[in-house]
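Structural characterization, general
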Amino acid sequence: MTKKTAVDVLLHPIRLRIVRAFVGGTELTARDLAQRLDDVPQATLYRHVKRLAEAGTLIVTSETPVRGALERTYRLDPNTGKVAPEDIGTIDPETHLKYFSIFLASLLEDFGRYMRADDVDVVRDDVHYLQVTFNAGSKEFAGFMKELEALIQQFAKRGPTKNQVQRTVSIVTLPERPMRAK
């Protein structure tokens, strides 16, 4: 499977939610996922788990006989979602736009699901959405991104604990295009 195809497999709103459920090295069965993603029909969820397993995104760590069937426990392949920088440049602009559109649709659906809940409290839940613009040269920005990635990885590697809430941080970086003189 090519890296481009691996990205295509991931960029689906339900599959992105499944992948996020495995944050921190968590191992889950399809039944565990069905409890966490209780708004996704079971048949749909199982179909997407199968697709992720076929793509190698989810790895079977054990199989346990349960009522005459095998219940599989999965973990996320640690290389999931990693596309080499040299491969990113080979993706054409239309495909990037497609990927970004799916990303935005998934983000909008996540936010909508939260807002439709019975107990919405954006202050209590620490909900934020913001856009920050700053100036940086290429090397400065590369350093910023490296530090940001290290900070994110520090938190992303944690397994879930009793007093933690799983949070999603979505980041998009874009250069501002200078205005052209008329």
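Quick notes on the rules
The residue count restarts for each chain, going from 1 along the sequence in the order it is written. Predicted model: local features are reported for residues with pLDDT of at least 70 only, side-chain atom pairs are reported and counted for 80 or more only, and whole-chain, interface and lining totals are derived from all residues. The side-chain values count all of the structure's non-hydrogen atoms but skip hydrogen atoms and water molecules. Every helix listed is a DSSP run of H or I at least four residues long, and every strand listed is a run of E at least two residues long, numbered separately from the N terminus. To sort residues, take the accessible area from a 1.4 Å probe on protein chains only and compare it with the maximum for the residue type: under 20% means buried, over 50% means exposed, and anything in between is partly exposed. Just to be clear on terms, a salt bridge is a Lys or Arg side-chain nitrogen sitting within 4 Å of an Asp or Glu carboxyl oxygen.

**Observations regarding unusual backbone geometry**
- Its identity as a non-glycine residue notwithstanding, Arg67 has a phi of 45°, on the positive side.
- On the secondary structure map, Arg67 appears in the loop between strand 2 (58-66) and strand 3 (69-76).
- With a phi angle near 55°, Asp126 is a residue other than glycine that sits in the positive phi range.
- Structurally, Asp126 can be placed in the loop between helix 6 (93-115) and helix 7 (138-156).

**A few points about the environment of Arg177**
- Inspection of the secondary structure assignment puts Arg177 in the segment after helix 7.
- Residue class for Arg177 comes out exposed when judged on its relative accessible area of 72%.
- Along the chain, Arg177 and Leu10 lie 167 residues apart, while their C-alpha atoms are 30 Å from each other.

**Re the pattern of salt bridges**
- Per the counting criterion, the structure on display carries 11 salt bridges.
- For Arg72, the salt bridge identified is with Glu63, shortest N-O distance 3.0 Å.
- On the basis of relative accessible area, Arg72 is assigned to the partly exposed category, the value being 36%.
- The partly exposed category is assigned to Glu63, whose relative accessible area is 42%.
- Residues joined in a network through salt bridges with shared partners are Arg17, Arg20, Asp39, Glu109, Asp110, Arg113 and Arg116.

Purely geometric numbers; function is a separate question.
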